[in-house]
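# Breakdown of the fold
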Amino acid sequence: MIGVFICECGGNIGDVVDVNEVKESIQKIPDVKTVRIERFLCSKLGVKRIIDSVKKLDLDRVVVASCSPHMHEETFRETVVEAGLNPYLLVHTNIREQDSWVTKDKRKATEKAIAIITGAVNRARKLQPLKETRVEISKDAMVIGGGIAGITAALQLANSGYHVVLVEKKPSVGGRMAQLSKVFPTLDCAPCILSPRMADVDKSSNITLLTNSEVKEVSGGPGNFEVKVRIKPRGVDPEKCLRCGKCEKVCEVEVPDEYEAGLYTRKAIHLPFAQAVPAAYAIDFENCTRCGKCMEVCPAQAININEEEREETYRVGAIIVTTGYDLLDRGEIERYKVNESTITSLQLERLIENELAAGKVLKNKQGKRIKEVAFILCVGSRNPHKGVPYCSKVCCPYSVKEAILLKKTLPYLRIWIYYTDIRMSGRGYEELYRQAREMNINFIHGKPAEVTADPQTGKLQLIAEDIDTGKVIKNSPDLVVLCPAIIPSGDLHDLAGRLNIAIGEDGFIAEKHPKLSPVSTMREGIYAAGTALGPKDIRESVVDARSTAAKVIEFLGEGYKDISPIKAQLVGECHGAGECVKVCPYNAITLNETTGKAEINILACNGCGACIPACPYNALQLAHYTKEQIMEEVKGLLSVPSEDVKIVGFFGDSTAYPAADAAGVARLNYPPNLLIVRVPSTALLDTDTLIETLNMGADGIMLCENGDTKEGEITEQRVKETQTKLEEMGLEKER
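Residues numbered from 1 in each chain as written. Predicted model: local features only at pLDDT ≥ 70, side-chain atom pairs only at ≥ 80, totals over all residues. Heavy atoms only, no water.

With that out of the way, let us pick up the state of the cysteines. Evaluation of the coordinates by the stated rule reveals 1 disulfide. Note that Cys-189 is cross-linked by a disulfide to Cys-192, the S-S spacing being 2.5 Å. Residues Cys-189 and Cys-192 share a disulfide whose torsion about the S-S bond is about 80°; that sign makes it right-handed. Judged by its relative accessible area of 24%, Cys-189 falls in the partly exposed class. Cys-244 supplies the cysteine sulfur nearest to Cys-298, a cysteine that is in no disulfide, at a spacing of 6.2 Å. Take Cys-298: its relative accessible area is 15%, and that puts it in the buried class. (Disulfide = S-S within 2.5 Å. Buried < 20%, exposed > 50% of the residue type's maximum accessible area, 1.4 Å probe, protein only.)

Turning our eyes to something else, we now look at the pattern of salt bridges. Throughout the structure, instances matching the rule amount to 36 salt bridges. One salt bridge connects Asp-31 with Arg-125, and the closest N-O pair in it is separated by 2.8 Å. In this pair, Asp-31 sits in the loop between helix H1 (19–27) and strand S2 (32–38) while Arg-125 sits in helix H5 (residues 106–125), placing the two residues 94 residues apart along the sequence. For Arg-125, a relative accessible area of 27% puts it in the partly exposed group. (Salt bridge = Lys/Arg side-chain N within 4 Å of Asp/Glu carboxyl O. Helix = DSSP H or I, 4+ residues; strand = E, 2+ residues; numbered from the N terminus.)

Moving on, we come to the environment of Glu-632. For Glu-632, the position within the fold is in helix H18 (residues 627–639). Residue Glu-632 is classed as buried on the basis of its relative accessible area, which comes to 17%.

Let's shift gears to the packing of aromatic side chains. Tallied over the entire structure, the rule returns 5 aromatic pairs. On the basis of an interplanar angle of 90° and a centroid distance of 5.4 Å, the ring pair of Phe-184 and Tyr-429 is categorised as edge-to-face. Of this pair, Phe-184 sits in the loop between strand S8 (182–183) and strand S9 (188–189) while Tyr-429 is found in helix H13 (residues 429–438), placing the two residues 245 residues apart along the sequence. We classify Phe-184 as buried; its relative accessible area is 17%. The class for Tyr-429 is buried, based on a relative accessible area of 8%. Between the aromatic rings of Tyr-259 and Phe-273, the centroid separation amounts to 4.7 Å while the plane-to-plane angle is 15°, which identifies the pairing as stacked. You can see Tyr-259 sitting in the loop between strand S13 (254–256) and strand S14 (265–267) and its partner Phe-273 sitting in the loop between strand S15 (269–270) and strand S16 (282–283), a full 14 residues away along the chain. Each member of the pair, Tyr-259 as well as Phe-273, carries the same accessibility label: buried. A network of ring pairs unites the aromatic residues Tyr-419, Tyr-433 and Phe-443 as a single cluster. Sitting above the plane of the Trp-101 ring, Arg-667 keeps its charged end 3.8 Å from the centroid. (Phe/Tyr/Trp six-rings, centres within 6.5 Å; stacked < 30°, edge-to-face > 60°. Lys NZ or Arg CZ within 6 Å of the ring centre and 35° of its normal.)

Read these as geometric descriptors, not functional statements.
Next comes the structure, spelled out in structure tokens:
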């Protein structure tokens, strides 16, 4: 017998959906023994009502209709277990994010809720009890990215007794923070804060540091990831290098120094920066001519210009992504960057550190003293047409910081800050802004349309209207500082593909839940911190890093893990066709060398179901998402009468389903005739399932999956196959 429990969510559902009408309708469904309405089903009282009902009414299935299962499914699974039921005899269906929050018409919202719950009841009838499997897992962790977030996460794990593999693509850890002069709002010395932590990484016996390295391939699954790392040649043995600098002196190749943001040059063999870890020189083989002069003069014989690239494989239980950010170098920034007197804020950081800290004054290329500086904020930020749509968050505070540092060191400077909106949210930030005002730093509430330069003298000119005063301000600064948008690091998209984690619309890593799981990715065992998740300041990045370390410690636990039973299963005779092996995105299926039959690695299996339709003998099924269970839910959804056309949407649970939830959170209305079926991945669905859905009464089908994944590629191919079959049947392929 089935118990149905409907949550009003304090009015979030009940103010839109007529829950009493829903109750009356659902009570008429066969096998439904009770329907209860609760104000807050997730509350202590609501949970107790479920437990009491299961025990008193001898229920053997439970349907919860409330918020998204991504919010509280685990809560209600624990509840039914406490009531004496198997946790997989629960169906948690969504009538908030995907109904009441996206449907204005109360009549339509109520009809949709009835359809959703009817589908859930049908599905509940077909559920079978499942059991989790306990397996041993690796207690090692990997951190990808060696900036302040990566360093912090690695140190916290190492200090807690876990072994960490720290992978950094550059010759030294340190990241962007290593390029800063001082940090806001305290104006502390950035290297003074960072360098001791970098040294701690070098000293820790629990950290394996891999620089000049990139993750090439990831296989396995949560608890037992197999990570193949490509380690590029450094050309210098860090254990032997004396840092004497003789090699650098004889090197004849000079290129722009990326650490110095291109303002200065370096040699092909160089020390990345003074506080670099490892504390050794490195060869830039892209520019090295391999002349061998550096090897000849090295007193420690630490240089090997013939060192080759190598690969190492590491088995780790969890992964933290801390790949940092890049700065926008296209679009709007090109409009402002007219000559060498226009620089970026990062370049100004290096000027402050190299010139002002050495007691020098700022001069232009002609050797004349700079007397007037203008900052332009939001260069590419909040500009979806020529940049990015979001705010880069740290530009306001760091521009104020840089202006104060300039004014303190060179009091004669006239400084102008052109801004869209000043956003100084954080402890001490507003005080920093007020300090800048008191120092007579000028703030112009307006943005110059362009920066022009006199063709004869090169003198810059800015024209902007100050919104606050209505005046048009004309300036001719000696130096213009552009504050470009923060964007994801260039290789993040490729890395996310290797890790099989989702990327958000902004290009940064998508978190599992913005409030409840802000550092978890959509894939279990993989976490993210710092600006890999979006624009953040140093404090937030450190908090993120400590949070991910705590999540990893919690996840790895005592070295074992209870594996979800929602995995592919052999239910028929395997004939060794091998199609499942080819299609599996996670390399979780192999053919036994002796028997020739398929074997499923439940640790590596992600439960996407892509292998199910691939088997020509129907020997596989996905536990908890069998074809029968899915089709019963579809049947229930379509059984409720409606005047509208009915669209059944199959939404992949890792990306598409949370995206639909996000639409609800944003209150983005869409037609109520879209009825969403949650599946682990749309790659699970075969052509027959889709055509059967149409035969049941669906007017159309929507398949939603992350297009950048293997599952997405399979889904696209399945759509084409189904459209071809529909045409052969004389039906519209557009359905």
